[in-house]
Amino acid sequence: MLLPDPDQTIIDRRADIIAAMRKLVPARGEQDSVITQQSELRAYESDALTAYHQLPLIVVLVSTTEEVSAVLAYAHENNVKIVPRGAGTSLSGGALPAADAITLGLARLNSILEIDLDNRCAVVQPGVTNLAISDAVAADGFYYAPDPSSQIACTIGGNVAENSGGVHCLKYGMTTNNLLGLEMVLPGGEIIQLGGKHLDPDGYDLMGVATGSEGLLGIITKVWVKLLKKPATTRAVLIGFDTSLDAGDCVGAVVSAGIIPAGMEMMDGAAIKAAEDFVNAGYPLDAAALLIIELDGPQAEVDYLIEIVSKIAEEKNATTLKVSQSEEERLRFWAGRKAAFPAIGRITPDYYCMDGTIPRAALPQMLEAMDGFSKKHGLRVANVFHAGDGNLHPLIMYDANAEGELERAEAFGEDILKFCVAVGGVLTGEHGVGVEKRDFMPVMFTEEDLNQQQRVKCAFDPKQILNPGKVFPTLHRCAELGRMHIHQGQVPFPFLPRF
Amino acid sequence: MSIINILTDRATPKTEKQLAELISWAIQTDESLELIGHGSKRALGRPLATNHLVDLSVFSGITLYEPNELVLTAGAGTPLAEIDAAVTAAGQHLAFDPIDFGTALGTVGGRGNYPGGTLGGMVAVGLSGPRRIQAGGIRDHVLGVSGVTGRGAIFKTGGRVVKNVTGYDLSKLMTGSYGTLAALTSITIKVLPAPEKTRTLLVFGLNDKRAQTAMTAALSSPHDVTGAAHLPRLAAERSRVGYVKSAATGATVLRIEGVAPSVDARLESLKDLLSKFGPLEELHTTNSATLWTEIRDLALLRDPHRTHLWRLSTTPEAGPKIAAHILARIDGRVTYDWGGGLLWLSIDPRSAGRDGGGFVIRSALSELGGGHATLIRAPGEIRQAIPVFQPQDEALAALTARIKDSFDPSHVLGHGRMYPGV
């Protein structure tokens, strides 16, 4: 992975930039807002994609929208690049610093500004954690639906940037489906509001484009989120199978029966064993595949659907089937799934988490191919899978200290991602492109597809100062992308009569 | 055979490549084009200053439908009625409830429960019906598109899987862009299982504010209400559903859908919750379908005099206040959808002033609740003269213009359809 060469002229101006930042973003009481010491910068050198790290030029911790605007206006004027950062939990290197860029920390913008239950929404600053929103409205029986596994730590600003998902997005959608509005600062420092407490945008759906734009289009400074009423009942079914094929069939049959469960998760044998050893969730250790199917709604609905799901599971050769009889038991079913990543972390020095999505029907093909890749690269893999929506999380196990293993793990990952695209899927379902999948973008998109995406980038950020080196494999200057390439001197449509 | 009919100025490209060549021709000759499917929504937006139609109805047909994967891909020119028939046969539906504008705009309507017009037209306007509050809008269900940009370049975005964050979500940008950025040829949407059972609860006799409170109570309950509308008496009287028509009072309308045991349980709970508001009545399958189609397709606002039609999206709680403020100044009628957050206002142009009521309506919105107002129906000269879409502030307008230029720098696609000069 090559990042753009740092611009030495910017690094040479570091002292000036620090002075300017200290003026624009004063200390908050005892707390400095501009971090320049190498020892302190170290804390920001990577995100949750720890394979990559780089010290930022400096870190600036903003506390208001106006400070964000002032920093961006300065950066735009002076051609200084900006890497936005929330809690730094990106799994794709979205917040990976650059040596010639300011890392703009948004964690201090952490207030819940308004809870408006009558209109079923909340207005929050970007540094508020995902879980804090649900916690703030839990007493009133509401919650915010998207629930990425990192929800204790990850911020809503980061969720917007990455369009985060979670185990319940099969039924409740991803971040983009649960937003009502955004306040955003553009690279010139202009502050715009997209949406608000009402539904659907006016004009172009810029909120839709900003969501999942990975910090490349603007800095989110305020978020209007939809709140949902908690379902009356939630129960989960834990189902073991002898083969992944049976488990995959069961998933398809549930959807065919017209049921969209709140969550439908799958784990393979390796993941089951690691998770069970770690948290004793009561998983069947002899199963080759495990499904957790969660149903929510009124009790009458949940009871009725659990019966149907259980029947389908039996028809699909389930070897074990347990229905949660209490909230405690339901949470125990989930404990293993939610601890799957750290559980794998216990049995391998390092692991590399992938994130492709495939059409569900391609699952057996995918798992077979994965076996082959595992043998080819000589590395073990455990599979955790949002089965309902076809989002795979293969965890490739390797040892970064062993010569060549990181490279083999990356090659293994590349094989998986290319296979995902080949069967009609995509490179990333919820973790983002970042630096990690940047160079695979041409596997999915033509040059023109990517050029058009970059032209949209240029409409927001004409000097390309935001989050450099992410998402796009090839950098073009905006002026070059803006040109029209029409074949001059030749009528491209010779059989067209004049109007 | 030529792809152009000289008499009607209608070009009918047969392939994506021909479409690209046609757009390139327009760029070179500085012509502006109007993209058209079946033309059912041509009267939406600002009138175009071009006679050159590009007929995309040739890009028709379902190319992929996998009910188990909840996904359907079809040509942009595919009739929605055809898609409706296919998904209905598989026990599924388009959950976002697209509006059939045939009734409201006097264009030819569609068959069945879904609008006339094409899939591409539906995406181009991006206007969703009553179920939008629970199931999401059209924007939430478009998974991927392909087509030709205003640069004459063939492009695609998104994919055929629901969970996808690979690159910018340009499908959202296409939805509601009124054909001003790209000519779409193929669209992939998410489809969902159709509900097994539907029941509608009517609450009679509530004034607008009280109705809004009742809708908030219903929507803030765990009963998963999939429609929440309020019909003041004058609108309710126009319904073909006897219970609504003959009540001689306003009707607040709440829908529950799902598997039978669930619908029965939730309906009972909802009755308990709302009985304190007023007398209740329950509609079953056929009456439910009729009433929600009337609400969705704006059939209850037909009026020989109140001919301008405005659509306001605002904070639900503010809906009644905003309507009252406007109707104190302009002669009109209102219906509420989306729990009070969507107002459909039909007004008498003679009472509205030369701006079609725009100033009064937009001032009420900005002072009382925020949101935006769109002039849905008015003669062309009015839609030409006043802002049809909510005017944008300077920074947003500049960004909108830059987005337009990024796709269509020569402004060959629907120039001026949304905003003058864009």
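Residues numbered from 1 in each chain as written. Chains lettered and ligands numbered in written order. Predicted model: local features only at pLDDT ≥ 70, side-chain atom pairs only at ≥ 80, totals over all residues. Heavy atoms only, no water.

Give a description of the domain arrangement of chain B that names residues and reports values.
All names here are of chain B. What the domain assignment reports for chain B is domain 1 (1-194), domain 2 (197-296) and domain 3 (303-385). On a C-alpha basis, the centres of domain 2 and domain 3 stand 24 Å from each other. At the interface, 14 residues of domain 2 touch twelve residues of domain 3. Across the domain 2/domain 3 interface, buried area totals approximately 1,000 Å², and carbon plus sulfur atoms make up 57% of it. Taken together, the connections running from domain 2 to domain 3 amount to zero salt bridges. Here domain 2 and domain 3 share five residue pairs in polar contact (both at pLDDT 80 or more) between them. Of all the secondary structure elements, the ones that give two or more residues to the side of domain 2 that touches domain 3 are α8 (208-219), β13 (225-231) and α9 (233-236). The leading source of residues in the side of domain 2 that touches domain 3 is α8, at five residues. (Domains from an automatic or database assignment. Contact = heavy atoms within 4.5 Å. Buried area = accessible area lost by both parts, 1.4 Å probe. Salt bridge = Lys/Arg side-chain N within 4 Å of Asp/Glu carboxyl O. Polar contact = N/O pair within 3.5 Å; in protein donor to acceptor, adjacent residues only side chain to side chain. Helix = DSSP H or I, 4+ residues; strand = E, 2+ residues; numbered from the N terminus.)

Explain the packing of aromatic side chains to me, and be specific about the residues and the numbers.
Per the stated rule, a full pass over the model turns up eight aromatic pairs over all chains. Each ring, one from Phe-341 of chain A and one from Tyr-351 of chain A, has its centre 6.2 Å from the other, and the planes form 75 degrees; the classification is edge-to-face. With a gap of ten residues between them, Phe-341 of chain A in helix α13 (residues 340-347) and Tyr-351 of chain A in strand β16 (residues 350-353) connect regions that are remote in the sequence. Judged by relative accessible area, which is 29%, Tyr-351 of chain A ranks as partly exposed. Geometrically, the ring pair formed by Phe-389 of chain B and Tyr-419 of chain B is tilted, given 6.1 Å between the ring centres and 55 degrees between the ring planes. Of this pair, Phe-389 of chain B sits in the loop between α16 (380-385) and α17 (394-407) while Tyr-419 of chain B is found in the segment after α17, placing the two residues 30 residues apart along the sequence. Ring pairing ties together the aromatic residues Phe-373, Phe-412 and Phe-419 of chain A, which thus form one cluster. Seen from the ring of Trp-292 of chain B, Arg-255 of chain B lies directly overhead, with NZ or CZ sitting 4.6 Å from the centre. (Phe/Tyr/Trp six-rings, centres within 6.5 Å; stacked < 30°, edge-to-face > 60°. Buried < 20%, exposed > 50% of the residue type's maximum accessible area, 1.4 Å probe, protein only. Lys NZ or Arg CZ within 6 Å of the ring centre and 35° of its normal.)

Tell me about the interface of chain B and chain A, and please be specific about residues and values.
The interface of chain B with chain A comprises 89 residues on the first partner and 99 residues on the second. Summed over both partners, the interface of chain B with chain A buries about 7,800 Å², with 62% contributed by carbon and sulfur atoms. When residues of chain B are sorted by the area they lose upon contact with chain A, Lys-163, Val-165 and Tyr-168 of chain B head the list and together hold 13% of the total. At the boundary of chain B with chain A, the tally comes to four salt bridges. Seen at the junction of chain B and chain A, the total is 26 residue pairs in polar contact (both at pLDDT 80 or more). Ranked by residue count, the leading element in the side of chain B that touches chain A is α17 of chain B, at nine residues. Grouping the amino acids of the side of chain B that touches chain A by side-chain chemistry returns 36 nonpolar, 34 polar and 19 charged. (Nonpolar A, V, L, I, M, F, W, Y, C, P; charged D, E, K, R; others polar.)

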